[in-house]
Amino acid sequence: MTPQASDLLAWYDRHRRALPWRALPGEHADPYRVWASEIMLQQTTIAAVKPYFERFMARFPTVAALAAAPSEDVMQAWAGLGYYSRARNLHACARAVVELHAGRFPDTEDGLRSLPGIGAYTAGAVAAIAFDRPAAAVDGNVERVVTRLFAMEDLLPGAKPLIREHVLALLPKARPGDFAQALMDLGATICTPRSPACALCPWREPCRARSQGTQETFPRKAAKKTGATRHGAAFVLQREDGAVLVRTRPPKGLLGGMAEVPTSEWRSDYEIEGAAQDAPVPMRWRKLPIPVRHVFTHFPLELAVFVGSAAATTRAPEGMRFTPLAKLRDEPFSSLMLKVLEMGLEALKPRPSAS
Ligand code: SF4
């Protein structure tokens, strides 16, 4: 028995999720909102993206507004979503749409792929959802549904081209945009990684993994290689007037263009005993007992947090600045830096004396 797109679309018509970037039934989707949401959703959950998306759209309501914004504003609006190269690409893409395409997104997969930061998945998703093109948009949810549907033994990521072929073969002539969204919704709400709700699935009859009782074992994945843990030191320096010493990371590379407190290099062989020589100013630094841990895509990081206080007249070393406490929220800190700051500033709070 072959899975039919019509069964999935009938299910979607009854159970589609209402999402802030999604058009209502019968309405045309706004390519700008579809594109921005797809970039935000990469590696992040819908629940985490929703509030960012609303704020982002209020601040940059059109692709032209985003293109015209200073990059610090864009990084600040993105802060906390992680994967900051996406924010830089998002901004570059908005500028390319305005400068090269008169403010209108190209309406084909190839045209979309020519823009900065748009890969195969995003091009397929935007082409299908915003322009109703017969395109495949294969994300993790879709991979799970398809590998289960066909009980695919091929290992990811090598299986991706085959999964794409399956999706293209399933695509209906009418409503390819709804089909793409239906497949995403099925993966997110019914065909979940643990305990999929097969009894409610419109494809339960043709699903091979369900008939074998092996649903949860798919998709098959090749073993992952993760890098060695890197170590480093972060320095939270607060003046008596509350201002905190911060700097901006170089525009390219990991967390490029984001704000941070001064840190050492992050290396797997970093020796914390010598951290004082990486401090932004020589003084008595207090090392906090618990480090901040964070996991990047390619390596885990462990940062020892050092705190120090300085007179209100202290000047920032070259390339750094003291940001008043009330303005700290306006700095585009990554979630890693927010963890460091939270821990550091808590430790620097004056304690009531025991007497
Ligand atoms: S029947 Fe179950 S395993 Fe198969 S696609 Fe539906 S939810 Fe997923």
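Higher on the page you've got the structure.
Residues numbered from 1 in each chain as written. Predicted model: local features only at pLDDT ≥ 70, side-chain atom pairs only at ≥ 80, totals over all residues. Heavy atoms only, no water.

**What about the side chain of Asp-185?**
No. 1: Along the chain, the position of Asp-185 falls in helix α11 (residues 176-189).
No. 2: The buried category is assigned to Asp-185, whose relative accessible area is 0%.
No. 3: Polar side-chain contacts of Asp-185 include one of 2.6 Å to the side chain of Arg-17.
No. 4: Within the structure, Asp-185 has its side chain in polar contact with the side chain of Arg-22 (distance 2.8 Å).
No. 5: The residues touching Asp-185, leaving out its near neighbours within four places in the chain, are Trp-11, Tyr-12, Arg-16, Arg-17, Arg-22 and Ile-190. (Helix = DSSP H or I, 4+ residues; strand = E, 2+ residues; numbered from the N terminus. Buried < 20%, exposed > 50% of the residue type's maximum accessible area, 1.4 Å probe, protein only. Polar contact = N/O pair within 3.5 Å; in protein donor to acceptor, adjacent residues only side chain to side chain. Contact = heavy atoms within 4.5 Å.)

**Comments concerning the packing of helix α2 (residues 31-41) against helix α3 (residues 46-59)**
No. 1: Where α2 contacts α3, the axes come no closer than 10 Å and their chain directions differ by 135 degrees. Considered as vectors, α2 and α3 are oriented oblique to each other. Crossing hand, α2 versus α3: right-handed. Contact residues: Tyr-32, Arg-33, Ala-36, Ser-37, Met-40 and Leu-41 in α2; Ile-46, Val-49, Tyr-52, Phe-53, Phe-56 and Met-57 in α3.
No. 2: For the contact of α2 with α3, the residue count by class is 10 nonpolar, one polar and one charged. (Axes fitted to C-alpha atoms, helices over the stretch in contact; angles between N-to-C directions. Parallel < 35°, antiparallel > 145°, perpendicular 65-115°, else oblique. Left-handed = near helix turned anticlockwise from the far one by under 90°. Nonpolar A, V, L, I, M, F, W, Y, C, P; charged D, E, K, R; others polar.)

**Looking at the site of the ligand**
No. 1: Lining the immediate environment of the ligand, one finds Arg-148, Ile-190, Cys-191, Cys-198, Cys-201, Arg-204, Cys-207, Arg-210 and Gln-215.
No. 2: Grouping the amino acids of the shell around the ligand by side-chain chemistry returns five nonpolar, one polar and three charged. (Near = heavy atom within 4 Å.)

**Some remarks on the nonpolar core**
No. 1: With 107 residues, the main nonpolar core has Trp-35, Phe-56, Phe-179, Trp-203 and Val-340 as its most contacted residues.
No. 2: Ranked by residues supplied to this core, first place goes to helix α8 (residues 120-131) with eight residues.
No. 3: Among the domains, domain 1 (5-217) and domain 2 (230-348) are the pair contributing at least three residues each to this core.
No. 4: Of all hydrophobic cores here, the second largest spans 14 residues; its members include Leu-237, Ala-275, Trp-285 and Phe-306. (Core = buried A, V, L, I, M, F, W, Y, C linked by side-chain atoms within 4.5 Å. Domains from an automatic or database assignment.)

**What to know about the pattern of salt bridges**
No. 1: In total, this model carries 17 salt bridges according to the counting rule given.
No. 2: Note that Arg-194 is salt-bridged to Glu-216, the shortest N-O span being 4.0 Å. You can see Arg-194 sitting in the loop between α11 and α12 (208-212) and its partner Glu-216 sitting in the loop between α12 and β1 (230-239), a full 22 residues away along the chain.
No. 3: The partner of Arg-267 in a salt bridge is Glu-265, and the shortest N-O contact between them spans 3.3 Å.
No. 4: Residue classification places Glu-265 among the exposed positions, given a relative accessible area of 54%.
No. 5: Sharing partners across several salt bridges, the network here consists of Asp-13, Arg-175 and Asp-178. (Salt bridge = Lys/Arg side-chain N within 4 Å of Asp/Glu carboxyl O.)

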